[in-house]
Amino acid sequence: MKRKLILSMVFIICLIPMLFYQYIALKEVQEISIFTKLFNPLSTASVILFFIGTWLPFKNKSISKTLETSGVLIILLAEIYTYSTHYPQIYEDVKNSTNSFFNFYFVFLISALLILLYLFIYKKLSKK
């Protein structure tokens, strides 16, 4: 139970960068909510897969491990999905696109580092 709680807390921490505001260059853009990335289809699938893999008892532990890991890795796909679907519709100005491009990579890097931290903690807890 302790393992499940720790992994769930680390997973929630991995979701925090999705709340960062990437589109800071155009503050007048009201159509993009700060929760856009968190509620897109990939993010929702990520959360569902992770919690099913973590909290439901499976006879085969490899199913649980696969669901948990895929749930965590889909976070990066959700970042790319949101950026690629919203970016072309909003930006035409080079200055604004450069700012949002940098913000995207910054948030993507933070997400990747947190996912590596999750996988490290997962490996450590699995050895116990």
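All of these numbers come straight from a predicted model, not from anything done at the bench.

So, the overall build of the chain
- When its secondary structure is counted, the chain shows 4 helices and 0 strands.
- Looking at the chain residue by residue over its 128 residues, the buried ones come to 37%.
- In the chain, the proportion of contacts linking residues at least 24 apart, taken out of those at least 6 apart, comes to 73%.
- When the accessible surface of the chain is summed, it comes to about 7900 Å², and 72% of that surface belongs to carbon and sulfur atoms.

A short note on a nonpolar patch on the surface
- A surface patch of nonpolar side chains, amounting to about 490 Å² of accessible area, comprises Ile13, Ile16, Phe20, Phe102 and Phe106.
- Its place among the elements puts Phe102 in helix H4 (residues 94-127).

Some remarks on the pattern of salt bridges
- Throughout the structure, instances matching the rule amount to 1 salt bridge.
- A salt bridge links Glu68 to Arg3; its shortest N-O distance comes to 3.7 Å. Here Arg3 lies in helix H1 (residues 2-15) and Glu68 lies in helix H3 (residues 61-90), a separation of 65 residues in the sequence.

Thoughts on the environment of Phe51
- Position of Phe51 relative to the elements: it lies in helix H2 (residues 41-55).
- Linking Phe51 and Leu7, residues 44 residues apart in sequence, is a C-alpha distance of 9.9 Å.
- Beyond its immediate stretch of four places on either side in the chain, Phe51 contacts Ser8, Phe11 and Leu56.

Some details on the side chain of Ser46
- Examined against the element boundaries, Ser46 turns out to sit in helix H2.
- For Ser46, a relative accessible area of 1% puts it in the buried group.
- Those residues in contact with Ser46 that sit more than four places away from it in its chain are Phe11, Gly71, Val72, Ile74 and Ile75.

Examining H1
- In this model H1 runs 20 Å from its N-terminal to its C-terminal C-alpha over 14 residues, within 8% of the 20 Å that 1.5 Å per residue would give.
- Considered for burial, the residues of H1 that qualify are Leu7, Ser8, Val10, Phe11, Cys14 and Leu15. What you see down the axis of H1 is that its buried residues fit within an arc of 165°, all on one side. Those residues of H1 that are exposed and aimed more than 90 degrees away from the buried face are Lys2 and Met9.

Basis of the calculations
- Residues numbered from 1 in each chain as written.
- Predicted model: local features only at pLDDT ≥ 70, side-chain atom pairs only at ≥ 80, totals over all residues.
- Heavy atoms only, no water.
- Helix = DSSP H or I, 4+ residues; strand = E, 2+ residues; numbered from the N terminus.
- Buried < 20%, exposed > 50% of the residue type's maximum accessible area, 1.4 Å probe, protein only.
- Contact = heavy atoms within 4.5 Å.
- Areas by Shrake-Rupley, 256 points an atom, 1.4 Å probe, with all protein chains shown as cover.
- Patch = residues over 30% accessible without salt bridge, like charges linked within 9 Å, V, L, I, M, F, W, Y side chains within 5 Å.
- Salt bridge = Lys/Arg side-chain N within 4 Å of Asp/Glu carboxyl O.
- Expected span 1.5 Å × (residues − 1).
- Arc of directions from axis to C-beta.

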